[in-house]
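Chains, contacts and geometry: an overview
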Amino acid sequence: MLAVFLSPLLFGVAGLVLGIVGAVLGDKPLGWYAAIASVVGAVVGALLVAALLN
């Protein structure tokens, strides 16, 4: 949820990296789900910011 409200780009990329690390090091499905969820959250956050600024 941080990616949606605070800084979509920063937290989206961080969540993507950490999700991939989690998938590679251990829990395969949960790590990939986390990586995908962080990208979706970053996109939604960026769209909300763009809508609010216009």
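Residues numbered from 1 in each chain as written. Predicted model: local features only at pLDDT ≥ 70, side-chain atom pairs only at ≥ 80, totals over all residues. Heavy atoms only, no water.

**Re the overall build of the protein chain**
Counting secondary structure elements, the protein chain contains three helices and zero strands. Helices and strands appear in the protein chain in the N-to-C order α-α-α. Principal-axis analysis of the C-alpha atoms places the extent of the protein chain at approximately 40 × 15 × 10 Å. Expressed as a percentage of the 54 residues in the protein chain, the buried residues total 24%. Long-range contacts, defined as pairs at least 24 residues apart, comprise 39% of the intrachain contacts of the protein chain with a sequence gap of at least 6. Taken as a whole, the protein chain presents about 3,900 Å² of accessible surface, with 84% of it coming from carbon and sulfur. (Helix = DSSP H or I, 4+ residues; strand = E, 2+ residues; numbered from the N terminus. Buried < 20%, exposed > 50% of the residue type's maximum accessible area, 1.4 Å probe, protein only. Contact = heavy atoms within 4.5 Å. Areas by Shrake-Rupley, 256 points an atom, 1.4 Å probe, with all protein chains shown as cover.)

**A short note on the environment of phenylalanine 11**
Position of phenylalanine 11 among the secondary structure elements: in helix α2 (residues 8-25). With a relative accessible area of 32%, phenylalanine 11 lands in the partly exposed category. Note: C-alpha distance between phenylalanine 11 and alanine 42 (31 residues apart in sequence) is 7.3 Å.

**Here we look at the packing of α2 against helix α3 (residues 28-53)**
Interaxial distance between α2 and α3 falls to 7 Å at its minimum, and their mutual angle equals 170 degrees. Overall, the two elements α2 and α3 adopt an arrangement that is roughly antiparallel. Side by side, α2 and α3 meet where Pro8, Gly12, Gly15, Leu16, Gly19, Ile20, Gly22, Ala23 and Val24 of the first sit next to Lys28, Gly31, Trp32, Ala34, Ala35, Ser38, Val39, Ala42, Gly45, Ala46 and Val49 of the second. Taken together, the residues of the contact of α2 with α3 break down into 12 nonpolar, seven polar and one charged. (Axes fitted to C-alpha atoms, helices over the stretch in contact; angles between N-to-C directions. Parallel < 35°, antiparallel > 145°, perpendicular 65-115°, else oblique. Nonpolar A, V, L, I, M, F, W, Y, C, P; charged D, E, K, R; others polar.)

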